[in-house]
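# Descriptive structure summary
Each chain, letter by letter, is given below.
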Amino acid sequence: MTPSRALCLLLACLVVRVAASQQPRSAAADARTEAAGRVLLGELSCTACHAASAKQALWLSPKMAPRLAGIGSRACAAWLQLYLAAPQDAMPGTSMPYV
């Protein structure tokens, strides 16, 4: 796990913990917090390393891998080299880590 991913997970845990500690909460606020947590779990692809229970697997929506079919017609070789070498420079905000 990269340091940036570890930091994201730590921040996500802190956000959920702080949100859960706020009183009083409405059912609608609880539902929004729960939905946001589910999206976060999917976006961070937590289940790539951590096993989900059968019940959790029903509602988790892990982030899908990028479509690579036809990539040669959508991107040039120079951009692909840059993206693989320095993903954040080629596409700021991408979830592709530096490797």
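Not measured: the values here are computed from a predicted model. (Residues numbered from 1 in each chain as written. Predicted model: local features only at pLDDT ≥ 70, side-chain atom pairs only at ≥ 80, totals over all residues. Heavy atoms only, no water.)

To continue, consider the overall build of the chain. What the chain contains, in helices and strands, is six helices and zero strands. Starting at the N terminus and ending at the C terminus, the chain contains elements arranged as α-α-α-α-α-α. Split into buried and exposed, the 99 residues of the chain put 15% on the buried side. Relative to all contacts within the chain whose residues are 6 or more apart in sequence, the contacts with residues 24 or more apart total 22%. (Helix = DSSP H or I, 4+ residues; strand = E, 2+ residues; numbered from the N terminus. Buried < 20%, exposed > 50% of the residue type's maximum accessible area, 1.4 Å probe, protein only. Contact = heavy atoms within 4.5 Å.)

Attention shifts here to the confidence of the model for the chain. Overall, the predicted model of the chain reaches an average pLDDT of 76, with 72% of residues at or above 70. Looking over the chain, one finds the lowest element-wise mean pLDDT in helix α1 (residues 3-21), namely 63, and the highest in helix α5 (residues 77-85), namely 91. (pLDDT = per-residue confidence, 0-100.)

Under the 1.5 Å per step criterion, the end-to-end length of helix α2 (residues 27-43) is 24 Å for 17 residues, consistent within 8% with the ideal 24 Å. Note on α2: the residue one or two positions beyond its end, S45, has a positive phi of about 50°. (Expected span 1.5 Å × (residues − 1).)

Examined against the element boundaries, T94 turns out to sit in the segment after α6 (87-90). In contact with T94, other than residues within four places in its own chain, are Y83, P87 and Q88.

Under the defined criterion, the tally for this structure stands at one aromatic pair. Where W79 meets Y83, the ring centres are 5.0 Å apart and the plane angle is 15°; that geometry is what we call stacked. A residue pair is termed a helical-turn pair when its members lie 3 or 4 positions apart in one helix, as W79 and Y83 do in helix α5 at four residues. In this structure W79 comes out as partly exposed when scored by relative accessible area, which is 27%. (Phe/Tyr/Trp six-rings, centres within 6.5 Å; stacked < 30°, edge-to-face > 60°.)

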